[in-house]
Amino acid sequence: MKGNDFHKAITLRHLRVIAALSDLGLVARVSEALNVTQPAVSKQIAELERIVGVPVVTRTKNRLYLTAIGARLAEHAKQVLGQVDRAAFDIEAMATGVSGSLAIGVVSSVAPVLLPGTLSLLKGSAPHANVSVFEGHFVSLFPELESGALDVVIARIWQPRELAGIEQMSLHSEPLVVAAGRTHPLARAKSLEWADVASSQWILPQANSVARQAVDTLFAEHGLTTPTNTIASLSLALNLEILRVMPTLCLLPQSLAQSHAARGDLVILPLDTHGLLSEARCFWRTDRMTTGGTMSLFLKCLQQAASDVKTIPYG
């Protein structure tokens with residue numbers, strides 16, 4: 001199909017279907033996610049293929065796989081839908097005159113991954129909204145959320161559970177990796193076992209934190225005790241500098257570690273963390289939500305930023 005015909009024929013419905021299909025794979029799941037019937041999803045796929053003029057999916061039993069053209073179309077669809085969502089942020093903020101204040105608690109391993117994009121969206125839509133950010137670990141931040149001193153807490157979770165009076169929203173999943181400085185004795189290792197690093201010097205979370213409990217459990221699952229030669233630190237900036245000047249190991253978010261590894265600042269060791277603390281969630285008190293206010297807009301911006309992290313590949 002020629003460009004002008006494509007522009008006239010393609011709709012947001014088509015884009016939503018192909019974007020959802022790239023993530024979910026099954027017509028039934030796309031149907032549920034978009035709240036439409038399965039025949040409606042199949043119809044949109046057929047229309048897309050007529051518009052494009054070539055197949056966008058291949059079928060294997062009950063599952064659909066995107067062709068190379070379908071995958072490229074899904075990438076563009078997600079970008080377009082992201083722009084539509086951002087337009088909605090701007091319009092809502094302008095219409096409601098959002099200008100309130102928000103206090104955000106966040107763990108350090110999540111802050112650089114999710115907050116810059118979130119705050120960029122929020123301030124772009126509501127420049128007069130005031131935001132304060134407080135870093136800590138979940139054990140210290142959660143009481144502040146319960147008391148009302150914080151409006152939102154964003155943290156990596158371990159053993160998720162329901163919390164009375166608290167709403168939760170899953171944001172994204174990103175593994176932690178083990179990082180070391182370029183001159184670390186293990187930096188050139190091609191394969192490692194956890195027993196090989198148990199006696200190393202580590203930067204670990206504080207002893208009373210949820211993250212530390214998860215790390216303790218990880219070592220225990222490998223029949224090991226948690227390293228005793230440790231530095232307890234929440235500061236990513238400090239931790240990165242320690243890795244540079246000392247033979248130390250540290251757990252870092254994969255995207256952050258990859259970024260620094262690409263610059264030659266550190267190396268990622270070949271160790272499987274088995275999904276340790278991989279899921280990030282935000283928490284807020286049910287009674288603090290106000291439709292159309294700063295809180296509501298912030299959560300929408302946070303969802304969009306998390307979606308961007310999922311769909312924009314590293315590199």
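Above this note sits the structure.
All figures in this text were calculated on a predicted structure; none of them were measured in a lab. (Residues numbered from 1 in each chain as written. Predicted model: local features only at pLDDT ≥ 70, side-chain atom pairs only at ≥ 80, totals over all residues. Heavy atoms only, no water.)

Trainee: Can you lay out the overall build of the protein for me, pointing to particular residues and giving the numbers?
Mentor: In terms of regular secondary structure, the protein is built from 11 helices and 12 strands. For the protein, buried positions account for 45% of its 315 residues. Contacts in the protein between residues at least 24 apart in sequence constitute 77% of all its contacts with a sequence separation of at least 6. Of the roughly 16300 Å² of accessible surface on the protein, 53% is carried by carbon and sulfur atoms. Side-chain charges of the protein comprise 27 positive and 26 negative groups, with the mean position of each set lying 8 Å from the other. (Helix = DSSP H or I, 4+ residues; strand = E, 2+ residues; numbered from the N terminus. Buried < 20%, exposed > 50% of the residue type's maximum accessible area, 1.4 Å probe, protein only. Contact = heavy atoms within 4.5 Å. Areas by Shrake-Rupley, 256 points an atom, 1.4 Å probe, with all protein chains shown as cover. Lys, Arg positive; Asp, Glu negative; His and termini not counted. Charge placed at Lys NZ, Arg CZ, Asp CG, Glu CD.)

Trainee: Now, about the sheet that holds strand β9 (residues 230-232): what can you tell me, with residues and values included?
Mentor: Backbone-to-backbone hydrogen bonds join strands into a sheet, with any given pair of strands oriented parallel or antiparallel. Here five strands make up an open sheet; going across it, the order is β9-β8-β10-β7-β11 and the pairing mixed. On the outer flanks of this sheet lie β9 and β11 (266-268), each paired with one strand and no other. Recorded for the sheet is a direction-independent mean angle of 30° between the axes of neighbouring strands. Sitting on the sheet, helix α10 (residues 254-262) is in contact with β7 (176-181), β10 (248-253) and β11, with an inclination near 120° to β10. (Pairing = 2+ DSSP bridges. Axes fitted to C-alpha atoms, helices over the stretch in contact; angles between N-to-C directions.)

Trainee: Please provide a residue-by-residue account of the packing of helix α2 (residues 12-24) against helix α3 (residues 27-34), values included.
Mentor: Geometry of a packed helix pair, given as the angle between the helix axes and the separation of the axes. Where α2 meets α3, the closest approach of the two axes is 9 Å, and the angle between their N-to-C directions is 125°. In terms of their interaxial angle, α2 and α3 are classed as oblique. Both α2 and α3 take part in a crossing whose hand is right-handed. Facing Arg16, Val17, Ala20, Leu21 and Leu24 of α2, the residues of α3 in contact are Arg29, Val30, Ala33 and Leu34. (Parallel < 35°, antiparallel > 145°, perpendicular 65-115°, else oblique. Left-handed = near helix turned anticlockwise from the far one by under 90°.)

Trainee: Tell me about a nonpolar patch on the surface, and please be specific about residues and values.
Mentor: Side chains of Leu12, Val80 and Val84 sit close together on the surface and give an oily, nonpolar patch of about 190 Å² of accessible area. Inspection of the secondary structure puts valine 84 in helix α5 (residues 68-96). (Patch = residues over 30% accessible without salt bridge, like charges linked within 9 Å, V, L, I, M, F, W, Y side chains within 5 Å. Salt bridge = Lys/Arg side-chain N within 4 Å of Asp/Glu carboxyl O.)

Trainee: Can you explain the pattern of salt bridges? Please cite residues and give values.
Mentor: Under the counting rule described, the total for this entry stands at seven salt bridges. A salt bridge links aspartate 23 to lysine 78, with the shortest nitrogen-to-oxygen separation between them at 2.9 Å. Placement of the pair is aspartate 23 in helix α2 and lysine 78 in helix α5, with a sequence separation of 55 residues. Since its relative accessible area comes to 24%, lysine 78 is described here as partly exposed. The shortest N-O distance in the salt bridge between glutamate 241 and arginine 244 comes to 2.5 Å. Of this pair, glutamate 241 and arginine 244 are both found in helix α9 (residues 236-245), three residues apart, which corresponds to roughly one turn of the helix.

Trainee: Could you give me a rundown of the packing of aromatic side chains, with the residues and numbers involved?
Mentor: Scanning the model with the defined rule gives five aromatic pairs in all. Aromatic side chains phenylalanine 138 and phenylalanine 283 sit 5.2 Å apart centroid to centroid with 55° between the ring planes, which places their arrangement in the tilted category. With phenylalanine 138 in helix α7 (residues 138-147) and phenylalanine 283 in strand β12 (residues 279-285), the pair connects residues that are 145 residues apart, well separated along the chain. Both residues of the pair, phenylalanine 138 and phenylalanine 283, belong to the buried class. (Phe/Tyr/Trp six-rings, centres within 6.5 Å; stacked < 30°, edge-to-face > 60°.)

Trainee: Help me get a handle on unusual backbone geometry, residues and values and all.
Mentor: One non-glycine residue, histidine 274, lies in the positive phi region at around 55°. By the element assignment, histidine 274 lies in the loop between β11 and β12.

Trainee: Hey, could you go over the pairing of strand β5 (residues 152-156) for me, with residue numbers and the actual values?
Mentor: Burial of β5 is extensive: five of the five residues sit out of reach of the surface. Of the two faces of β5, the one holding Val152, Ile154 and Arg156 and the one holding Val153 and Ala155 are both buried throughout. Strand direction decides the pairing type here: strand β3 (residues 101-106) and β5, joined by three bridges, are parallel. In the strand pairing of β5, isoleucine 104 is matched with valine 152.

Trainee: With reference to specific residues and values, describe the pairing of strand β4 (residues 130-135).
Mentor: Every regular strand shows the same layout, with side chains that alternate between the two sheet faces. Taken together, the six bridges between β3 and β4 define a ladder with parallel strand orientation. Its bridge partner lying in β4, leucine 102 is registered against valine 131. In this fold, the crossover linking β3 to β4 by way of helix α6 (residues 111-125) has right-handed handedness. (Right-handed = clockwise from strand over helix to strand, strands pointing away.)

Trainee: How would you summarise the sheet that holds β12 if you had to cite specific residues and measurements?
Mentor: Spatially, the five strands line up as an open sheet ordered β4-β3-β5-β12-β6, and their pairing is mixed. In this open sheet, the two strands that pair with only one neighbour each are β4 and β6 (166-173). Averaged over all neighbouring strand pairs, the angle between strand axes comes to 20°, with direction disregarded. Pairing of β6 with β12 involves seven bridges; the strand directions are antiparallel. Bridge pairing in β12 links methionine 169 to cysteine 282. Sheet strands in contact with α7 are β3, β4, β5, β6 and β12, and its direction is about 25° off that of β12.

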